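# Architecture at a glance
As a plain string of letters, each chain reads:
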2 protein chains.
Amino acid sequence: MTAPAAGSGDAGRAPWGARLAAAMDAAGPLCLGIDPHPQLLHDWDLPDTPVGLERFSMTALEAAAGEDGSSAVAAIKPQVALYERHGSAGFAVLERLLREARDEQVLTIADAKRGDIGSTMAGYAEAWLSDDSPLAADAVTLSPYLGYDSLAPALELAVATGRGVFVLALTSNPEGASVQHAGGLEGSVARSITASAARDNARALASGHVADANGTADTNGTTGSTGVNEGTGTGAGGGTAVRPALGPVGLVVGATVAGQAERLGLDLAGVRGALLAPGFGAQGASGAGMRAGFGSAWPSVLATSSRAILRRGPSVGGLREGIREALEDLRR
Amino acid sequence: MTAPAAGSGDAGRAPWGARLAAAMDAAGPLCLGIDPHPQLLHDWDLPDTPVGLERFSMTALEAAAGEDGSSAVAAIKPQVALYERHGSAGFAVLERLLREARDEQVLTIADAKRGDIGSTMAGYAEAWLSDDSPLAADAVTLSPYLGYDSLAPALELAVATGRGVFVLALTSNPEGASVQHAGGLEGSVARSITASAARDNARALASGHVADANGTADTNGTTGSTGVNEGTGTGAGGGTAVRPALGPVGLVVGATVAGQAERLGLDLAGVRGALLAPGFGAQGASGAGMRAGFGSAWPSVLATSSRAILRRGPSVGGLREGIREALEDLRR
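What counts and how
Residues numbered from 1 in each chain as written. Chains lettered and ligands numbered in written order. Predicted model: local features only at pLDDT ≥ 70, side-chain atom pairs only at ≥ 80, totals over all residues. Heavy atoms only, no water. Pairing = 2+ DSSP bridges. Helix = DSSP H or I, 4+ residues; strand = E, 2+ residues; numbered from the N terminus. Axes fitted to C-alpha atoms, helices over the stretch in contact; angles between N-to-C directions. Contact = heavy atoms within 4.5 Å. Phe/Tyr/Trp six-rings, centres within 6.5 Å; stacked < 30°, edge-to-face > 60°. Buried < 20%, exposed > 50% of the residue type's maximum accessible area, 1.4 Å probe, protein only. Polar contact = N/O pair within 3.5 Å; in protein donor to acceptor, adjacent residues only side chain to side chain. Buried area = accessible area lost by both parts, 1.4 Å probe. Salt bridge = Lys/Arg side-chain N within 4 Å of Asp/Glu carboxyl O. Least-squares fit on C-alpha atoms with pLDDT ≥ 70 in both.

### Overview of the sheet that holds strand β2 (residues 75-78) of chain B
Residues and elements named next belong to chain B. Taken in spatial order, the 8 strands of this closed barrel run β1-β2-β3-β4-β5-β6-β7-β8, and their pairing is parallel. For this sheet, the mean angle separating the axes of adjacent strands, direction not counted, is 30°. Inspection of the sheet shows strand β6 (residues 249-253) paired to strand β7 (residues 275-278) by 2 bridges, in the parallel sense. In the strand pairing of β7, valine 252 is matched with leucine 276. Its contacts with the sheet place helix α14 (residues 316-331) against β1 (30-34) and β8 (301-305), and it is angled at close to 140° to β1.

And the structure:
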């Protein structure tokens, strides 16, 4: 990607890295995936329609928003595919979810896995990362088959608006290796993407993408060593490792394949961006397993759990209990 | 992908490969990209709103539908990003465009570049390829960063409903090589995806994914050597090369990089699927250049032109003139 401009969110919004770090410190390193699969809708006794989708989404948000006015999770991650399968009516529900999450001060990561080039990529960036879009989220997931640098319009808009991106790097599904491991141990695709993200975060952080999470961005960079965005992470139970200041570019790294990252030479701790790790919970990764797999990068990990928590619904109390148990596992 | 079932479209719909081949024979190997970029909306004196988007889309469809009841192009390809940037209201316009194109018997390729895994991928497949989805198109473009085989749910639904997919393989943007060329000359990512598509098309065609484009699928495979779907392509001006029967899996191959495909060992003619080639016209590829670049695969090429034609609007007459000129260039 081209050099992102210094990161001061408009409308007084602090940079994404600072906002996410503060949320992880406050709630713990857990992201609630909101995945309204047909089977879950059925299990919640809801119709597989936009009406059922809306009920599902609002219930999950209520659980995520917590009981005492502070968010129970660091972020929510709606799975866009499961809204898209309901067409424009599904997207209208997603818009409501994103809007109400903003009102509740719950951070949102739209799991859209978008990717294109040039002005078309700019179209996707505007959809998910611009202030005046009805689909505006705090961050969006991106897919780099057209090359990491093709995603530049999204990174640029993210930096300009205090938002973030998560680029697919190394995923846990067995088919992923055919693309992500290509190039071998020294030059794998996943390694090149990791290095590019590290480069862009270093650039953004050097030009002032650090800030106090509660106020406007400090663009002279002096808060970098003292603000909440640096060296904290006690809420995550990071042990002796400390979380670096987080830049605008996160990576998606499967919870169960963090161990492979080392073998492929991926310097995850050096990315200085959040590591979104799906596969915690239902898909088999435990907190202890993730901590071991991610090693020194652990303080930057945002574990995502969807079904393990969602199957505790439809009661808000059941969902909250699922969230508490997941957080306990992550903190153990 | 797992072995697709034999392909008989429901509702009497013939398989995608046969329908597309018939459309290419009738209209020529041209796909009109419908890309409502903000700049084009401005040039057409339309507002950058869902209202402007709708007017733009309906005008482009009118030009594509032709004057005499037969489609002026083989297919249209709406660029989903440029609808998505208008949120759910933009998606409602896209739904109308897809629905009216169906009524006008104009084939549609949703350029969505979606990709995910498992039941989430199935969600995207349902959105774009199921009969009862408001966003149902005839085919959809897919992005394989999570591995070609992760796209299986879309291929399976496409085969079951007489629809198709186009998987990103080798694109012309300079950033694409970092992923698509990884693995080197013998084992590049693009080559592996090409081989996988060839495998799936061979399987689908062997199990009966051939048919007369005007009727129901012939699942005993006997029409494979005599139907319109085999060995034709005179409308495309294919010279001595003949078009093979086309299976459900097409590839996206940039119009200007077809020459690279040979160097990377991609057997494009052996794919037995349509080759969607963006970059014809405004981005610099001429008909003669594409014919030379694609070589023996030329009869399977569906050239896509967006801006070179769209900038001839907003008059329907101007757009039709642009379509005629593009077709002349492709046939020369």
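Moving on from the coordinates now.
### Some details on the packing of aromatic side chains
Inspection of every chain in the model, using the stated rule, returns 7 aromatic pairs over all chains. Plain terms: the ring middles of Trp16(A) and Phe166(A) are 6.1 Å apart, the flat faces sit at 90° to each other, and that makes the pair edge-to-face. Placement of Trp16(A) in helix α1 (residues 16-27) and of Phe166(A) in strand β5 (residues 164-170) is noted, with a sequence separation of 150 residues between them. Take Trp16(A) and Phe166(A): they sit in the same class, and that class is buried. Grouping aromatic residues by their ring pairs yields a cluster made of Phe91(A), Trp128(A), Phe91(B) and Trp128(B).

### Some details on the side chain of Asp138(A)
All names here are of chain A. Mapped onto the secondary structure, aspartate 138 falls in the loop between α6 (118-129) and β4 (139-142). Its relative accessible area of 11% is what places aspartate 138 among the buried residues. Within the structure, aspartate 138 has its side chain in polar contact with the side chain of arginine 19 (distance 3.0 Å). Apart from residues no more than four positions distant in its own chain, aspartate 138 is found in contact with Trp16, Arg19, Val106, Leu107, Thr108, Arg163 and Gly164.

### Quick look at the environment of Leu94(B)
All names here are of chain B. Here leucine 94 shows up in helix α5 (residues 87-103). Separated by 37 residues in sequence, leucine 94 and serine 57 have C-alpha atoms that sit 8.1 Å apart. If near-sequence neighbours (up to four positions away) are discounted, leucine 94 is found in contact with Pro78, Val80, Tyr83, Trp128 and Leu135.

### What about the interface of chain B and chain A?
On the side of chain A, 52 residues touch chain B, which itself brings 52 residues to the contact. Taken together, both faces of the contact between chain B and chain A bury some 3900 Å²; the carbon and sulfur share is 57%. On the chain B side of the contact with chain A, Glu84(B), Tyr145(B) and Leu146(B) bury the most area, a combined 19% of that side's loss. Inspection of the chain B/chain A interface yields 6 salt bridges. Here Asp116(A) and Lys113(B) are joined by a salt bridge, their closest N and O atoms 2.8 Å apart. Where chain B packs against chain A, one counts 26 residue pairs in polar contact (both at pLDDT 80 or more).

### Thoughts on the pattern of salt bridges
Residues and elements named next belong to chain A. All told, the structure shown has 43 salt bridges over all chains when counted by the stated rule. The shortest N-O distance in the salt bridge between aspartate 25 and arginine 243 comes to 3.2 Å. Placement of the pair is aspartate 25 in helix α1 and arginine 243 in the loop between α10 (189-206) and β6 (249-253), with a sequence separation of 218 residues. With a relative accessible area of 1%, arginine 243 lands in the buried category. Salt bridges linked by common partners bring Glu67, Arg320, Glu321 and Arg324 together as one network.

### Focus: the relation of the copies chain B and chain A
Put simply, the second copy of the chain is the first one after a rotation about an axis and a shift along it. Superposition of chain B onto chain A requires a rotation of 180° combined with a translation of 0.0 Å along the rotation axis, giving an RMSD of 0.0 Å. Here the two chains are linked by the operation of a two-fold rotation axis. When you check the interface residues of chain B against chain A, 100% turn up at the interface there too, and the contact is symmetric in its surfaces.

Scope: geometric values only; no functional claims are made or implied.
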